[in-house]
Amino acid sequence: MEKYDLVVRGKIVGEDRVISGQIGVKDGKIAAIQPAGEQLQGDKVLDFENAYVFPGTIDVHVHCFSNPKEGFIPTSMSAAAGGITTFLDMPYDLPNPISNVEIFEKKVQQLEKEAVVDICLWGTISKTGGTEQIVPLAEAGAVAFKMSTFETDAYRFPRIPDPEILKAMQLIEQTGLRAAFHSENDEIIVDMIDEYKQANKVYPKAHNETRPPLTETSAVLKLMEFAYWTGVKLHIVHVSHPRTIDLIKQFKAQGVKVTCETCYPYLLLDVNALDEFGPKAKNNPPLRHPEEVAGLWQHLEAGDIELISSDHAPWGAEHKDPGKDNIFKASSGMPGVEIMTPLMFDSTVAKGTMTPVQFAKVMSQHPAEVFGIPGKGKIAVGFDADFAVIDPEATWIIDENQFRSHSKISPFHGKEVKGKVIQTIVRGTTVYDGEQVTVEPGFGSFVPGSAYKGAPVGGKRGL
């Protein structure tokens, strides 16, 4: 009988059903899947009994370096503890955005030394004159390109002018990668914030009021029309409002290749969290009203939202506390890689509103398919042996002080969660055992995008 490097037993969440069964792993890949019965033989056997063995979560929206105090080590350790086996790191790094090949390749080298889980890297472009870097970045292994219609910082996180967006879309279309956008209407928001500040309207909910839904929907509409004419694959990040999804469905019906994500806070919190938690609950776009959150849930359950991401933003108290008396002074965003998977499990599978198979699609399979990540995203023979094992009966309390991230600030602090990540496995190796991260920085590997033209990467993935 064949002997495997590792045998994993439990409730295996496959592409179309859950089986009580076992997985045989060889050389970091899934080599066999079969129901319980005649037992597979392995050098190592992990029997999780009635726990779910999900494909590892893929988080497409993570900001390791927007705060230089964070970086790959804390984020990837947090990700491992949160059941995330692969994440896509955003390009808006401090001090320099990932807008040329030289910077990109330095980041790859750093990743290979420091990552605990597998990581893909986004590329971006500078505000003007940066589009000639698109094809070289794609060939260097960028997984997709992130741009913005809202300006956070003219150099690091610029608003890209329309002519540059069009040029970028035309070039990205040639690479086959996705053009993704932070979609908010800069002019309206800046004007409204100025008005609010002049009137001293700086209370927490002012953040929501100065970014009304039309600031999202109007930006998304423009981008989808551009995508219609250029043929590019478009991805809308962190959708906060159900009308955005209504519009996306209309453009999909016209043949536009557009996908979208929402983030766990938009599903699990509403605008009242700004009053309750202040700057802790500040993110862009803002949290919406309860009936709007309900509309997002309806779209998610109908299959209209491809995937869920964290938009992990690792701000410490020094970035949040200035907003206690003036919400506009606080940095936007919250940490998420450590808690997103269990929180979403708690609010869907544990409550019976989503099957384990549906959960695996939005957390793993669709992220891999939307971004063209080979060998990732589902439990199938030939795929990487990446698993997030969740005990559906375990309950635990979120403690922000225990986060492995630099950011120890979460509006979910103190929340009881049903469903706990009890093991995270990357390419057949346990990276988190339910208590501790069990590998050293450098175990994780760079995963290049589908337009990659370079030599095999790192030797860890057998590319």
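Below is a short write-up of the structure. Predicted model only: the values in this text are computed from it and were never measured.

Glancing now at the environment of D118. Here D118 is to be found in strand β7 (residues 118-121). Remark: the alpha-carbon pair of D118 and S445, spanning 327 residues in sequence, is separated by 4.7 Å. Within polar-contact distance, the side chain of D118 engages the side chain of K376 at 2.7 Å.

Time to look at the sheet that holds strand β12 (residues 307-309). With parallel pairing, five strands are arranged side by side in an open sheet as β8-β9-β10-β11-β12. Lying at the two open borders of the sheet, with one neighbouring strand each, are β8 (145-148) and β12. Within the sheet, the average angular offset between the axes of one strand and its neighbour, ignoring direction, is 30°. Strand direction decides the pairing type here: β8 and strand β9 (residues 178-182), joined by four bridges, are parallel. Paired with M147 across the two strands is F181, which belongs to β9. Here helix α4 (residues 162-175) sits on the sheet and contacts β8, β9 and β10 (233-236); the angle it forms with β9, its principal contact strand, is near 150°. Against the sheet, helix α14 (residues 356-370) contacts β9, β10, β11 (258-263) and β12, and its axis sits at roughly 100° relative to β12.

Of all 10 residues in helix α1 (residues 72-81), eight are buried; the element is thus mostly enclosed. Packing partners of the buried residues in α1 comprise β5 (57-62), β6 (84-89), α2 (101-114), β7, β14 (416-426) and β15 (429-432). Within two residues after α1, G83 carries a phi angle of roughly 80°, on the positive side.

The subject of this paragraph is unusual backbone geometry. The amide bond that connects L94 to the next residue, P95, takes the cis arrangement and shows omega of 5°. Checked against the element boundaries, P95 lands in the loop between β6 and α2. If you check the backbone angles, R427 has positive phi at about 50° while not being a glycine. Relative to the assigned elements, R427 resides in the loop between β14 and β15.

Helix-helix packing is characterised by the crossing angle of the two axes and by the distance between the axes. Packing of helix α8 (residues 242-253) against helix α11 (residues 290-301) leaves a shortest axis separation of 8 Å and a crossing angle of 35°. In contact with P242, I245, D246 and K249 of α8, α11 contributes E292, G295, L296 and H299. The residue inventory of the contact of α8 with α11, partitioned by class, reads three nonpolar, two polar and three charged.

In this section: the packing of aromatic side chains. Counting across every chain of the model gives 11 aromatic pairs. Summarising the aromatic geometry, the rings of F65 and F72 are spaced 4.8 Å apart at their centres and angled 85° between planes, so their arrangement reads as edge-to-face. Overall, the relative accessible area of 11% leaves F65 in the buried class. Taking the centre distance of 3.8 Å and the plane angle of 20° together, the rings of Y92 and F157 count as stacked. Of this pair, Y92 sits in the loop between β6 and α2 while F157 sits in the loop between β8 and α4, and the two are 65 residues apart along the sequence.

Before going further, it helps to spend a moment on the pairing of β5. A regular strand places its side chains so that they alternate between the two faces of the sheet. Among the six residues in β5, six count as buried, and that is most of the element. Both β5 and β6 contribute to a ladder of four bridges, which runs parallel. Residue V62 lies in a different strand from β6, and its bridge partner there is D89. Each parallel crossover has a hand, and the one from β5 via α1 to β6 is right-handed.

Cut-off values and rules
Residues numbered from 1 in each chain as written. Predicted model: local features only at pLDDT ≥ 70, side-chain atom pairs only at ≥ 80, totals over all residues. Heavy atoms only, no water. Helix = DSSP H or I, 4+ residues; strand = E, 2+ residues; numbered from the N terminus. Polar contact = N/O pair within 3.5 Å; in protein donor to acceptor, adjacent residues only side chain to side chain. Pairing = 2+ DSSP bridges. Axes fitted to C-alpha atoms, helices over the stretch in contact; angles between N-to-C directions. Contact = heavy atoms within 4.5 Å. Buried < 20%, exposed > 50% of the residue type's maximum accessible area, 1.4 Å probe, protein only. Nonpolar A, V, L, I, M, F, W, Y, C, P; charged D, E, K, R; others polar. Phe/Tyr/Trp six-rings, centres within 6.5 Å; stacked < 30°, edge-to-face > 60°. Right-handed = clockwise from strand over helix to strand, strands pointing away.

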